Amino acid sequence: MKYDVVIIGSGFGGLACAHMLAKAGRSVLVLESHWQPGGCMQSYRRKEHVFDTGLHYVGGLDDGQQLHDIFQRLGLLALPWHRLDAGGFDLITIQGHTYRFAEGFDCFVEELAKDFPHERDALRHYADMLQGPDPDPSVCAWQWLNETFSDPLLVDVLSGSCIKTELRRESMPLLAFAHSQKSYIQSSWRLQGDSSLIVRSLTDDIVRMGGMVLCRAEVQQLTEHDGRIVAARCSNGETYEADCFVSDIHPAQALALVQNDRIQKGIYRRRLAMLENTAGIYTYSLVLKPRTLRYFNHNKFVYRTGDVWNPATERVMLSCRVPEDGSEYATLLDLLTPNETDPMPLAETVIPGLSDMVSEQYISTPHTWQRFTHTPDGSAYGIRKDCRQPLMTMLSPRTPIPNLLLTGQNVMLHGLEGVAMTAVQTTEIILNS
């Protein structure tokens, strides 16, 4: 059978593209090398508990907000979303003092102005920037923040929730920084359940609409004819033909599947080879003893010292799973850190005695990500965006091969919102061609 579109990789970007294309009436096949779909959104089971890998909370799901419209299009709004505390969805603790991120831009400004009254006007300017047009990708986030705020502690606080991205003083674009903040201030949400709810919803819909998601089918070669890709040859011995191909894997890996160098512009291949990948993440998934820790409806970001933009600074994010049985006590808690050091001592500065509450612990590392998702270097956020070279590091979904497109967080922006926006753009290119 020949398909309209073959999608390589079943991360959120690949599944979102497949869902929208199938809904538009295109015949779609998703090829996944792993035994289960989902990429960085897949979950894993240990004994009776299911743990997340990459997803911990999302922003902008309220009516009229960016992710709301895309999730509605994907049929994901029906999932059990749980809204985080409006008065403090993210709590930033630096050197023992805690600051709150409040929902809504006006409330966000007023809450932080309690601790930084001398920066009220600058905070309003910051909020206006987040709500305005996208910043120029050549603007450096670190430079802009330090030119806008006179208090370096406030710069650290505003950057404190960025464990979910990668801070680089010399290179991070203000555009990427703004997108890592804006939607969460609009509204922040957790799933009452694990991220496989999203994966199952998308895959079930794709199959119901006539598409197919095939696992244990690693693409080993993309076959070219007359300057276009005509087929994908897989590890299962099968070859799948299509009119169009979408890659949800790393762009350099995708281009390496094409055996004919003649149809690939040398400058494009060299550009991909030069791109750096962001750092990996360590996740400590904790099973808590019954009735030892009350559920907290926010995220905790904890720093041993200031200097948040220094990658060596000890830090940890604490994310609590919404109790699925309606209990007021938590059962699962994740500690996330980019550092190799054990985050438990730092986590205990905000939850004293946490280590005594733990009955089981499971750890995933960048090597885990690399093994199960084939992510280069175990990168957690895809290709590193660079304000000094925005055109080099923020890729278009298009490639020099006319019927090979890209999607996923390696393309334009990282994070669930960035991947969703890219998936929409990739899909529209196909549907409008």
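Residues numbered from 1 in each chain as written. Predicted model: local features only at pLDDT ≥ 70, side-chain atom pairs only at ≥ 80, totals over all residues. Heavy atoms only, no water.

Enquirer: Now, about the environment of R168: what can you tell me, with residues and values included?
Expert: Summarising the element assignment, R168 is placed in the loop between α6 (152-158) and α7 (174-179). Distance from R168 to R208, taken between C-alpha atoms, is 43 Å for residues 40 residues apart in sequence. (Helix = DSSP H or I, 4+ residues; strand = E, 2+ residues; numbered from the N terminus.)

Enquirer: Report on the sheet that holds strand β5 (residues 58-59), specifying residues and quantitative values.
Expert: With respect to topology, 3 strands assemble into an open sheet ordered β5-β9-β6, the strand pairing being antiparallel. Each of the sheet's edge strands pairs with one partner strand only, and the pair in question is β5 and β6 (81-83). Taken together, the 3 bridges between β6 and strand β9 (residues 188-191) define a ladder with antiparallel strand orientation. When the sheet's bridge partners are listed, R83 is paired in β9 with W189. (Pairing = 2+ DSSP bridges.)

Enquirer: Break down unusual backbone geometry for me, citing the residues and quoting the values.
Expert: Across residues other than glycine, the phi torsion is negative in most instances, and most of the peptide bonds are trans. A positive phi angle is found at Q95, which is not glycine, with a value near 50°. As for its position among the elements, Q95 is in the loop between β7 (90-94) and β8 (97-101). Residues other than glycine seldom take positive phi values, yet R216 does so here, at roughly 55°. Inspection of the secondary structure assignment puts R216 in the loop between β10 (212-214) and β11 (219-225). According to the relative accessible area criterion, R216 is exposed, its value standing at 59%. (Buried < 20%, exposed > 50% of the residue type's maximum accessible area, 1.4 Å probe, protein only.)

Enquirer: Mind laying out the pairing of β9, listing which residues take part and the relevant values?
Expert: Regular strands show a simple pattern: their side chains alternate between the two faces of the sheet. Neither face of β9 is exposed, since S188 and R190 on one face and W189 and L191 on the opposite face are all buried. The pairing of β5 with β9 spans 2 bridges and is classified as antiparallel. Bridge pairing links V58 to W189 in β9.

Enquirer: Go over the nonpolar core with me, naming the residues and quoting the values.
Expert: Of all hydrophobic cores here, the largest spans 72 residues; its most connected members are Y126, L333, L335 and L354. Per-element accounting of this core gives the leading share, 6 residues, to helix α4 (residues 120-131). Discounting chain neighbours no more than four positions away, the residues touching L354 are L286, L288, L333, L335, M344, A347 and E348. In this structure, V5, C17, L55 and L76 belong to the second largest nonpolar core, which totals 40 residues. (Core = buried A, V, L, I, M, F, W, Y, C linked by side-chain atoms within 4.5 Å. Contact = heavy atoms within 4.5 Å.)

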